[in-house]
Amino acid sequence: MNYLRHSFNVGIVIFDEKFNILCTNETIGKIVDFHFSHDNLINLFDIHSEEAFKKIKQMVKEARNDRRSDNYVLKIFSKKGERDTILLGKVFLLDSQCQNQFIALLYDVTDLVMEGHKTIVKLPAYEGNDLLLLNVENIHFLKAAGNYTEIFCDNKIYLSPLSMAKIEKKLDPRQFIRIHRSFIVNIDKVKKLIKADGKYRVLLQNDHNLPLSRNKTDTFLEMFGLK
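Residues numbered from 1 in each chain as written. Predicted model: local features only at pLDDT ≥ 70, side-chain atom pairs only at ≥ 80, totals over all residues. Heavy atoms only, no water.

1. Observations concerning unusual backbone geometry
Then, number 1: With phi around 75°, Arg-67 is a residue other than glycine that occupies positive phi space.
Then, number 2: Along the chain, Arg-67 turns up in the loop between helix 3 (50-66) and strand 3 (75-77).
Then, number 3: Look at Arg-67 and you get partly exposed, because its relative accessible area is 43%.
Then, number 4: Unusually for a residue other than glycine, Asp-197 sits at a positive phi of about 55°.
Then, number 5: Along the chain, Asp-197 falls in the loop between strand 15 (190-196) and strand 16 (199-204).
Then, number 6: Given a relative accessible area of 80%, Asp-197 falls into the exposed group. (Helix = DSSP H or I, 4+ residues; strand = E, 2+ residues; numbered from the N terminus. Buried < 20%, exposed > 50% of the residue type's maximum accessible area, 1.4 Å probe, protein only.)

2. Some words on the sheet that holds strand 15
Then, number 1: Strand order across the open sheet formed by three strands is 15-16-17, with antiparallel pairing between neighbours. Two strands in the sheet have a free side with no partner beyond their single neighbour: strand 15 and strand 17 (209-211). Taking each pair of neighbouring strands and ignoring which way they run, the sheet shows an average axis angle of 30°.
Then, number 2: Sheet topology places strand 16 next to strand 17; three bridges connect them, and they run antiparallel. What sits directly across from Val-202, in strand 17, is Leu-210. (Pairing = 2+ DSSP bridges. Axes fitted to C-alpha atoms, helices over the stretch in contact; angles between N-to-C directions.)

3. Comments concerning the side chain of Ser-69
Then, number 1: The residue Ser-69 is located in the loop between helix 3 and strand 3 in this model.
Then, number 2: Setting aside chain neighbours within four positions, we find Ser-69 in contact with Met-59, Glu-62, Ala-63, Lys-90 and Val-91. (Contact = heavy atoms within 4.5 Å.)

4. Observations regarding helix 3
Then, number 1: Taking 1.5 Å per residue as the helical rise, helix 3 with its 17 residues ought to reach 24 Å, and the 24 Å between its terminal C-alpha atoms agrees with that figure.
Then, number 2: Looking only at helix 3, the buried set comprises Ala-52, Phe-53, Ile-56, Met-59, Val-60, Glu-62 and Ala-63.
Then, number 3: The first or second residue beyond helix 3 is Arg-67, which carries a positive phi of 75°. (Expected span 1.5 Å × (residues − 1).)

5. Concerning the packing of aromatic side chains
Then, number 1: One pass over the structure, following the stated rule, counts six aromatic pairs.
Then, number 2: Residues Phe-15 and Phe-19 carry aromatic rings whose centres are separated by 6.2 Å and whose planes lie at 15° to one another, so their mutual orientation is stacked. Grouping residues by exposure puts Phe-15 and Phe-19 together as buried.
Then, number 3: These aromatic residues form a ring-pair network of at least three members: Phe-15, Phe-19, Phe-45, Phe-53 and Phe-102. (Phe/Tyr/Trp six-rings, centres within 6.5 Å; stacked < 30°, edge-to-face > 60°.)

6. Quick word on the nonpolar core
Then, number 1: Grouped together as the largest cluster of nonpolar side chains are 21 residues, with contacts concentrated most on Phe-15 and Val-91.
Then, number 2: Contributing elements (two or more residues each) for this core: strand 1 (10-16), helix 2 (26-32), helix 3, strand 4 (85-93) and strand 5 (101-108).
Then, number 3: In terms of residue count, helix 3 provides more of this core than any other element does, five residues in total.
Then, number 4: Beyond its immediate sequence surroundings of up to four residues, Phe-15 is in contact with Asn-20, Ile-21, Leu-22, Leu-44, Val-60, Val-91, Asn-100, Gln-101, Phe-102 and Ala-104. (Core = buried A, V, L, I, M, F, W, Y, C linked by side-chain atoms within 4.5 Å.)

7. Re the side chain of Ser-213
Then, number 1: Of note, Ser-213 is situated in the loop between strand 17 and helix 6 (214-222).
Then, number 2: Overall, Ser-213 belongs to the buried group, its relative accessible area being 17%.

8. Quick notes on the environment of Arg-68
Then, number 1: Mapped onto the elements of the fold, Arg-68 is located in the loop between helix 3 and strand 3.
Then, number 2: Among the residues examined, Arg-68 registers a relative accessible area of 43% and is labelled partly exposed.
Then, number 3: Taking the C-alpha atoms as reference, Arg-68 lies 4.1 Å from Phe-92; in sequence the two are 24 residues apart.

9. Describing the pairing of strand 12 (residues 156-160)
When a strand is regular, its side chains alternate between the sheet's two faces.
Then, number 1: Direction of pairing for strand 11 (residues 148-153) relative to strand 12: antiparallel, over a ladder of five bridges. Looking at the pairing, Thr-149 lines up with Ser-160 of strand 12.

Right, dumping it as structure tokens:
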């Protein structure tokens, strides 16, 4: 977090053991369009999804035990007509004079992940409790997993909190192509195109053998000058 601390404006949220927000700084308003008011008590539970709130509770538990959590939290705030905001956060237990109060430090790392509004340069993925930022050129393929995406990078599999539909919009179409409703492949990692019984399959350099949908075949072949 030292790199983040020196490179980004930090959003600060202080809350009590019942998860009521006690105060925030101006950066929070700029990052997530959230404005705190003492006249209107807001609970963290009311402004987060159930899944996100479970993570917050886990962070608080770790902060109670070790005075700070080890979790990096990824949170996506979708705004119509705007790019997503990607945050990394950590929770700390405050000193004794602020008994049973916690502080969350939030860093906007969107610019590490997005290049302008168009192309992803790094893809966020979980590695245990941490958030890993994967270079897209190292990715072999992506597989849809509900609202998440499995990322096959070299010999490892990572889970991204972004849906594949959302990722596809941000990938460079000259490098990545959807070959099936469940798969997107990195063209640079394609080893062989296999045809059997009138159907094609795509063999990658990591030896994964993936299906090529009929309605994607012409587009795929065009990328190799075969159409």
